[in-house]
Amino acid sequence: MKKIAIIGAGISGLFFANLLEKDKSYSYKIYEKKTSLDLNDGYGIQLSTNSITLLNKIGFQKMNASDVYFPRKVNFFDAKNSKKICDVDLSQFNNQSNRYTTLKRSKLIKFLLENIPVEKFNYNSNLTDIKNLDKLSLSFRDKKNEEFDYVVASDGVYSRTKQILFKDEGLPKYFNSIVLRGNINNFKNFDISLYLGANFHFVIYPINQNKEFNFISIIRKELIQEEITNRNIFKDTTFMNNLLNQISSKSDLNLSEQVKDIKCFPIFVSKKIQIPELKNIFLTGDAFYSFPPSFAQGASQSIEGAYELFDDLKNNSSNYYKTRILKTKQINFRSSLNHFTFHLSNPVNIFFRDFFLKYLSKNKSFLENYLGKIYNN
Ligand SMILES: Cc1cc2nc3c(=O)[nH]c(=O)nc-3n(C[C@H](O)[C@H](O)[C@H](O)COP(=O)(O)OP(=O)(O)OC[C@H]3O[C@@H](n4cnc5c(N)ncnc54)[C@H](O)[C@@H]3O)c2cc1C
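Definitions and limits used
- Residues numbered from 1 in each chain as written.
- Predicted model: local features only at pLDDT ≥ 70, side-chain atom pairs only at ≥ 80, totals over all residues.
- Heavy atoms only, no water.
- Core = buried A, V, L, I, M, F, W, Y, C linked by side-chain atoms within 4.5 Å.
- Buried < 20%, exposed > 50% of the residue type's maximum accessible area, 1.4 Å probe, protein only.
- Helix = DSSP H or I, 4+ residues; strand = E, 2+ residues; numbered from the N terminus.
- Contact = heavy atoms within 4.5 Å.
- Pairing = 2+ DSSP bridges.
- Axes fitted to C-alpha atoms, helices over the stretch in contact; angles between N-to-C directions.
- Expected span 1.5 Å × (residues − 1).
- Near = heavy atom within 4 Å.
- Polar contact = N/O pair within 3.5 Å; in protein donor to acceptor, adjacent residues only side chain to side chain.
- Areas by Shrake-Rupley, 256 points an atom, 1.4 Å probe, with all protein chains shown as cover.
- Salt bridge = Lys/Arg side-chain N within 4 Å of Asp/Glu carboxyl O.

Asker: Help me out: how do you make sense of the nonpolar core in this one?
Answerer: Membership of the largest hydrophobic core comes to 71 residues, with the highest contact counts inside it found for Ile4, Leu14, Phe16, Leu55 and Phe76. No other element matches the seven residues that helix α1 (residues 11-23) contributes to this core. Contacts of isoleucine 4, omitting those with residues within four sequence positions, involve Phe16, Leu20, Tyr26, Ser27, Tyr28, Lys29, Phe148, Tyr150, Val152 and Leu313. One finds Ala79, Ile184, Ile204 and Leu255 within the second-largest nonpolar core, a separate group that totals 29 residues.

Put into structure tokens, the structure is as follows:
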């Protein structure tokens, strides 16, 4: 039986392990650098129908109904006065069993862990090196070594595997933006609310049926190299509160009062698509490509990529990277375009943007091409 090492117990690695667990044609181990996974985190995640269809293959539809939410629309607002610009009907891409879903990230991780035996996990295992001998020989920081036929690198945006394979070229780049996220209780709108401001946007959406909401803001911010490398400012409460106050003052929602448990981190994205020379090492999820987060597709693509890889291995078809590259280019284009249009600051540009948003949000063929192509893949 061929042996697979999964590096990283994030969304992609855990979903891939679920597929292996169902199929039983391979033996595998999961290596995770953290000592445990956070199963209490209250922050949210959006999953579009492309990933829900795949998650349902492993029983996601049986999740506790109160732990998920099915938003029907995205409402676009002008951040400064909360005036509605337009809305996009997400439910047009749903079908009976697969619906656009929001939930706590920790609930998704908990679900993905349910069917994986605990003995498959090696926590506190930080990958340090891969040597191509007869097989792939993996070394970890704790001096553990083991050989495998395949490596599935799902170790996220700061992928160590990518750095081993591509040195500095494998490092992601700072996207000149930072994320501020937090929780809100009892927000007034139960769909996805997207507020557009000058050089920032924020999104508020329910993460379950208990009136808990996720707040996430992407703010344009140039940082000096020292601030990027030394991450201390991101832990500084004054820095975080100042940022929140800054957005709050540019909106008529009292965010400083409403948003709790705030956290802040820099956004890093991939420099380019990179394919390992070794045919038995596969990059998946953010390790393959990290997108700007303005299209909410990172997790969904991590799930899709893991599924395609599993299918490829099973059928010995070597199509994995070909399909992934195509999909990655489509998502990257949409994520970058969203980011650019969401953050416009010139009033004339904003006027035209809002005009086009109103038109395009009701244009069936545009929506089918821009969203349907991705969601109903
Ligand atoms: C602010 C923000 C909001 C987002 N919102 C959404 C959203 O609403 N919808 C959506 O679809 N996507 C969203 N995304 C993207 C999504 O979170 C990621 O794309 C997704 O989590 C990637 O999954 P992954 O499995 O590839 O990596 P991760 O989930 O990051 O997991 C990687 C794992 O690998 C481990 N690891 C790292 N290095 C090593 C090593 N050397 N050895 C062993 N283990 C290692 C890490 O500890 C981690 O557990 C968002 C991203 C950001 C930044």
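From this point, things continue past the structure.
Asker: Can you help me understand unusual backbone geometry in this one?
Answerer: Backbone phi values are negative for most residues with the exception of glycine, while trans is the configuration of most peptide bonds. One non-glycine residue with positive phi stands out, namely serine 82, at about 55°. Here serine 82 shows up in the loop between β5 (73-78) and β6 (84-89). Since its relative accessible area comes to 17%, serine 82 is described here as buried. Residues other than glycine seldom take positive phi values, yet alanine 296 does so here, at roughly 50°. Structurally, alanine 296 can be placed in the loop between β18 (281-283) and α8 (298-315). The class of alanine 296 is partly exposed, set by a relative accessible area of 26%.

Asker: How do you make sense of the environment of leucine 55 when you look at a structure like this?
Answerer: Note that leucine 55 resides in helix α2 (residues 49-56). For the pair leucine 55 and phenylalanine 70, spaced 15 residues apart in sequence, the C-alpha to C-alpha distance is 15 Å. Sequence-distant contacts of leucine 55, that is, excluding residues within four places in its chain, are made with Phe15, Leu47, Phe60, Leu108, Phe111, Leu112 and Ile303.

Asker: Can you help me understand the sheet that holds strand β11 (residues 145-148) in this one?
Answerer: Two pairing modes exist for strands in a sheet, parallel and antiparallel, and in both the strands are linked by backbone hydrogen bonds. Pairing within the open sheet is antiparallel, and its three strands lie in the order β9-β10-β11. The strands lining the two open edges of the sheet, one partner per strand, are β9 (127-132) and β11. On average, each strand axis in the sheet is inclined to that of its neighbour by 25°, with strand direction left out of account. Where strand β10 (residues 136-140) and β11 come together, four bridges link them in antiparallel fashion. Paired with serine 139 across the two strands is asparagine 145, which belongs to β11.

Asker: What is the right way to look at the sheet that holds strand β17 (residues 260-269) in this model?
Answerer: Read across the open sheet, the seven strands follow the order β6-β5-β14-β15-β16-β13-β17; overall the sheet is mixed. Looking at strand neighbours, the two that pair on one side only are β6 and β17, the edges of this open sheet. With direction set aside, neighbouring strand axes in the sheet form an average angle of 20°. The sheet contacts of helix α6 (residues 237-249) involve β13 (173-185), β15 (200-206), β16 (212-220) and β17, and relative to β17 the element is tilted by about 90°.

Asker: Teacher, can you tell me more about α1 here?
Answerer: Residues that lie three or four places apart on an α-helix share one face, since the helix turns once every 3.6 residues. Between its first and last C-alpha, α1 extends 19 Å over 13 residues, near the 18 Å set by a 1.5 Å rise per residue. By the criterion of burial, α1 is predominantly enclosed, with eleven of the 13 residues buried. Of all the residues in α1, the buried ones are Ile11, Ser12, Gly13, Leu14, Phe15, Phe16, Ala17, Asn18, Leu19, Leu20 and Glu21. Of the residues trailing α1, lysine 24 is marked for its positive phi of about 65°.

Asker: Please explain the site of the ligand as it appears in this structure.
Answerer: Close contacts around the ligand come from 31 residues, with Glu32, Arg105, Asn126, Asp286 and Ala299 the closest. For the ligand, an oxygen atom lies 2.6 Å from a polar atom in the side chain of glutamate 32. Contact with the protein chains removes 86% of the 1000 Å² of surface that the ligand exposes when unbound. Mapped by element, the contributors of at least two residues to the shell around the ligand are α1, β3 (44-47) and α8. Counting residues per element, the shell around the ligand draws most heavily on α8, at four residues.

Asker: In this structure, what is going on with the pattern of salt bridges? I would like to understand it.
Answerer: Where side chains of opposite charge bring their charged atoms close, a pairing between them can arise. With the rule as written, the count across this model stands at 18 salt bridges. A salt bridge links glutamate 21 to lysine 24; the shortest N-O distance between them is 2.8 Å. When the shortest N-O distance is used, the salt bridge between arginine 353 and aspartate 354 registers 3.0 Å. By relative accessible area, which is 9% here, arginine 353 ends up buried. Several salt bridges share partner residues, and in doing so they unite Glu304, Glu308, Arg324 and Lys327 into one network.

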